Amino acid sequence: MAKTRKHNYKKKAGQVPGTAIYTGSKSSEKLFIEVFDYNETQCTEKHLTDVSETFQFKGSDSITWVNLNGLNHVKEIEKLSKHFNFHPLVLEDIVNISQRPKIDEYEDYFFVVLKMLYYDKDEKIISEQVSFILGKNHVLSFQESEGDVFDAVRERIRTAKGRVRTMESDYLLYVLIDAVVDYYFNIIEILGDKIEDFETDIFNGNATDDVSQNIQNLKREILKVRRAIFPLRDVISRIEKSDNALISQQTLNYYRDVYDHLIQVSENIDIYREMIWSLMDMYMTTISNKMNEVMKVLTIMASIFIPLTFIAGIYGMNFDYIPELHYQHSYFVLWGVMIIIFIGMIIYFKRKKWL
């Protein structure tokens, strides 16, 4: 799943509502469609490249999961939309990847948008939009490109592990959302480890020069996770409160479990936000303490040499009559006085615990 991208969120002013415009950067991504059609006794898995091949699964008695990768193929998605009778605004939101997590309820289907998070090869958090259409006996999912967190779900469907093969499409939507939410725990676990490492390095004085930039990057990662998680709580809450026949009472308990997980992740994110601010304060305090130590040493050195400089300045003046200049041992006496002053000030600073 090592994918990086830059998104283009620009949209022409005055555009007709419902106009499908792909806003991502994966313009060369190939269209790839995978289909799982199953019931309690059998499962059929297919990999397709033509949207029209999925039309046969509409209205079947079995449960069908159609996962489409390649949002840049707008025309193909439009054909799928027409066949399944999506609202034009739904089509627009599917290919506009700047959507925040949300849910729209229509007469015979749900439209759900959420953010799938994962780390790329450079250890940066990537946020990818995933859209779901929940209908009677089918779930359609739309991703910008291949690579996701649903491998465990695929394996459960293939092997009839768990309840997924015995439940309806609303349960399939639940396990897909649950897979995304479970991966949030991996994200926050890594974030927690990073924060602890920074905290240890700063406390032990092993922080590198770029620690401030690293903390800022970590803060941005936490904000990205927060933007993905907090709106999703409202999505799950609306599903819980919905009386639509597509969501059975039996499945509502599972959605409540997802909601509890989101609350737990949200609380961790809030804690990490506070810890990040504390890290920055700790780092600035450490820098300030180091600066104070340096200033203390410089001040002590200056304090020691001020009287010595005063004495040297007096006897360095070019006056004709300075009585001590003609004394035979004045040079050695002056050195002795200066050494005594130096040692006396060192002892004084030691007793004051300034050294």
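Provided above is the structure to which this section pertains.
Presented here is a report on the structure given in the accompanying data block. (Residues numbered from 1 in each chain as written. Predicted model: local features only at pLDDT ≥ 70, side-chain atom pairs only at ≥ 80, totals over all residues. Heavy atoms only, no water.)

Thoughts on the overall build of the protein chain
Our working rule: Secondary structure follows DSSP: runs of H or I at least 4 residues long count as helices, runs of E at least 2 residues long count as strands, and numbering of each begins at the N terminus. Our radius of gyration looks at C-alpha atoms and nothing else; its globule reference is 2.2 Å times the residue count to the power 0.38. Type-normalised accessible area, obtained with a 1.4 Å probe on protein chains alone, sets the label of each residue: buried when under 20%, exposed when over 50%, and partly exposed for intermediate values. What makes two residues a contact is simply this: any of their non-hydrogen atoms within 4.5 Å. Per-residue accessibility takes into account occlusion by the displayed protein chains alone, with areas from the Shrake-Rupley method and a 1.4 Å probe. In this tally Asp and Glu are treated as negative and Lys and Arg as positive; neither His nor the chain ends contributes. By convention, the charge on Lys lies at NZ, on Arg at CZ, on Asp at CG and on Glu at CD.
Helix and strand counts for the protein chain come out as 7 helices and 7 strands. The linear arrangement of helices and strands in the protein chain, starting from the amino end, is β-β-β-α-α-β-β-β-β-α-α-α-α-α. By the compact-globule yardstick of 20 Å for 355 residues, the protein chain is too spread out, its C-alpha radius of gyration being 34 Å. Split into buried and exposed, the 355 residues of the protein chain put 44% on the buried side. Across the protein chain, contacts joining residues at least 24 apart in sequence account for 68% of those joining residues at least 6 apart. Summing over all exposed atoms, the protein chain offers an accessible surface of approximately 19,700 Å²; the carbon and sulfur share of this is 54%. Side chains of the protein chain give 42 positive and 50 negative charges; the mean places of these two sets differ by 4 Å.

Brief notes about the packing of aromatic side chains
Any pair of aromatic rings gets described here by the distance separating the centres and the angle formed by the planes. Inclusion rule: The rule is short: rings of Phe, Tyr and Trp, with Trp giving its six-membered ring, pair when the centres are within 6.5 Å, and they are stacked under 30 degrees, edge-to-face over 60, tilted in between.
The full count for this structure, using the stated rule, is 13 aromatic pairs. Ring geometry for F36 and W65: centres 5.6 Å apart, planes at 20°, overall stacked. With F36 in strand β1 (residues 32–38) and W65 in strand β3 (residues 63–69), this pair connects stretches of sequence that are 29 residues apart. For W65, a relative accessible area of 0% puts it in the buried group.

Some details on the pairing of strand β2 (residues 43–48)
Rules: Two strands qualify as a pair provided that DSSP identifies no fewer than 2 bridges between them.
Pairing geometry for β1 and β2, over 6 bridges, is antiparallel. Counted as the bridge partner of E34 is H47 from β2. What sits between the antiparallel neighbours β1 and β2 is a turn of 4 residues.

So, to be careful, I would describe these as geometric facts and stop short of saying anything about function.
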